[in-house]
Amino acid sequence: MKTRVITAAVLIPVLLLILLAAPKIVLALVWGAMLSVAAYELLYRTGLVQHVRLVVYAAVMAFAVSMWSFFGAMHAYAVLGVLVFMAVLFGELMYDHVKITFDKICMCFVAGLLIPMLLSSLVRIQTLKIGRYVILIPFIVAFASDAGAYFVGRALGKHKLAPVISPHKTIEGVAGGMLSAIVCMILYTLIMQFGFKFRVNYLYAILYGLIGSIAGTFGDLCFSVVKRQTGIKDYGTIIPGHGGILDRFDSMTMVGPLMEVFLTLIPVIVG
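In this text the structure is predicted, and so the values were computed from the model without any measurement.

(A) Main features of the overall build of the protein. A count of helical and extended segments in the protein gives twelve helices and four strands. The C-alpha radius of gyration of the protein comes to 19 Å, within 12% of the 18 Å expected for a compact globule of 271 residues. Taking all 271 residues of the protein together, the buried fraction comes to 43%. Considering only intrachain contacts with a sequence separation of at least 6, the fraction spanning at least 24 residues in the protein is 72%. Element-wise, carbon and sulfur atoms account for 74% of the exposed surface of the protein, whose accessible area totals about 13,700 Å². Distance between charge centroids for the protein: 9 Å, based on 20 positive and 11 negative side chains.

(B) Summary view of the packing of aromatic side chains. Counted under the stated rule, the structure contains eleven aromatic pairs. Relative to F102, the ring of F90 lies with its centre 6.2 Å away and its plane at 50°, an arrangement referred to as tilted. Highlighted residues: F90 in helix α4 (residues 75–95) and F102 in helix α5 (residues 102–119), separated in sequence by twelve residues. Residues Y150 and F151 carry aromatic rings whose centres are separated by 5.1 Å and whose planes lie at 80° to one another, so their mutual orientation is edge-to-face. For Y150, a relative accessible area of 34% gives the class partly exposed.

(C) View of the side chain of D220. With respect to the helices and strands, the residue D220 is situated in helix α10 (residues 202–230). Here D220 is in contact with K169, D250 and S251, once residues within four sequence places are set aside.

(D) Geometry of the nonpolar core. In terms of nonpolar packing, the biggest core is built from 60 residues, with W31, I137, Y188, Y208, M252, M259 and V268 touching the most fellow members. The leading source of residues in this core is helix α2 (residues 24–45), at eight residues. Ignoring anything within four residues of it in the chain, the contact list for I137 reads M185, Y188, Y208, M259, L263 and V268.

(E) Spotlight on a nonpolar patch on the surface. Residues Y40, Y44, V52, V56 and V60 make up a contiguous nonpolar surface patch of roughly 430 Å² in combined accessible area. Of all elements in the fold, only α2 and α3 (52–70) reach the threshold of two or more residues within the nonpolar patch. The element best represented in the nonpolar patch is α3, accounting for three residues. Looking at the element boundaries, V56 is found in helix α3. Its relative accessible area of 43% is what places V56 among the partly exposed residues.

(F) Structural detail: the pairing of strand β2 (residues 166–170). When strand β1 (residues 160–162) meets β2, the two strands line up antiparallel, connected through two bridges. Looking at the pairing, A162 lines up with S166 of β2. Where β1 folds back on β2, the antiparallel hairpin that results is connected by three residues.

(G) Structural view of unusual backbone geometry. Phi is positive for K197, which is not a glycine, with a value near 65°. Within the fold, K197 resides in the loop between α9 (171–196) and β3 (199–200). By relative accessible area, which is 69% here, K197 ends up exposed.

(H) How the structure looks around α2. The terminal C-alpha atoms of α2 lie 31 Å apart, and with 22 residues this matches the ideal 32 Å at 1.5 Å per residue to within 8%. The complete set of buried residues in α2 reads L27, A28, W31, G32, L35, S36, A38, A39, E41, L42 and L43. Where α2 is buried, its residues contact α1 (2–20), α3, α5, α6 (121–126), α10 and α11 (245–249). Following α2 by one or two positions, G47 adopts a phi angle in the positive range, close to 85°.

Procedures and definitions
- Residues numbered from 1 in each chain as written.
- Predicted model: local features only at pLDDT ≥ 70, side-chain atom pairs only at ≥ 80, totals over all residues.
- Heavy atoms only, no water.
- Helix = DSSP H or I, 4+ residues; strand = E, 2+ residues; numbered from the N terminus.
- Rg over C-alpha atoms; globule rule 2.2 N^0.38 Å.
- Buried < 20%, exposed > 50% of the residue type's maximum accessible area, 1.4 Å probe, protein only.
- Contact = heavy atoms within 4.5 Å.
- Areas by Shrake-Rupley, 256 points an atom, 1.4 Å probe, with all protein chains shown as cover.
- Lys, Arg positive; Asp, Glu negative; His and termini not counted.
- Charge placed at Lys NZ, Arg CZ, Asp CG, Glu CD.
- Phe/Tyr/Trp six-rings, centres within 6.5 Å; stacked < 30°, edge-to-face > 60°.
- Core = buried A, V, L, I, M, F, W, Y, C linked by side-chain atoms within 4.5 Å.
- Patch = residues over 30% accessible without salt bridge, like charges linked within 9 Å, V, L, I, M, F, W, Y side chains within 5 Å.
- Salt bridge = Lys/Arg side-chain N within 4 Å of Asp/Glu carboxyl O.
- Pairing = 2+ DSSP bridges.
- Expected span 1.5 Å × (residues − 1).

Set out below in structure tokens:
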């Protein structure tokens, strides 16, 4: 626990600096590097795909997705990149179809394209006109939900949510996570309204917190079941006390893109 707290104390200011002050391309570069590590974690650390070239292809693609998200993902270039990625992977399959199977190719698509596309929602959110003011929303929802679920679960948790997949998750904890996310979103909108003079919608803020918390819990369970099936405790050790990139940002695979959609369709603040 001590290591976990110290790591958070060091990394949170760095994260805020990248999100709120550094040139926007910094987030795309840093996030792209983290997505490359995540691709490695999901493929190599789990043992699902330990063919080095395939893992490298997926890692490079993951970085590219982050950069495309920053530059607007121009249709022609994005499609060309996906075609090249597909051609390279299937080329490996045809070159050595005994050792490389189709399921491994599919896993590379998930690790190198699908998950990075979902997580790169953070890059796309920051590039919005008021991106600096809304980029914290996915983090507020995900981290507030996690913290609320942890503390309420420890204090009041009695009924297991998914005992085989995630033994420590309780229904009471999930409810606490929802409430925490809603409260933090309301506080955020209050700050935006009275501190920065934005027009806000408190009903939408509640919706962001409620639906976002549910989505985050689902995302967490998605990656927990992969760990159970592959027999690993954590996806990595790159973040001391927290594990790997996917251990820390598993819920963000659902929260990030959901908040991107909400900010487009039902914006909680209007500039």
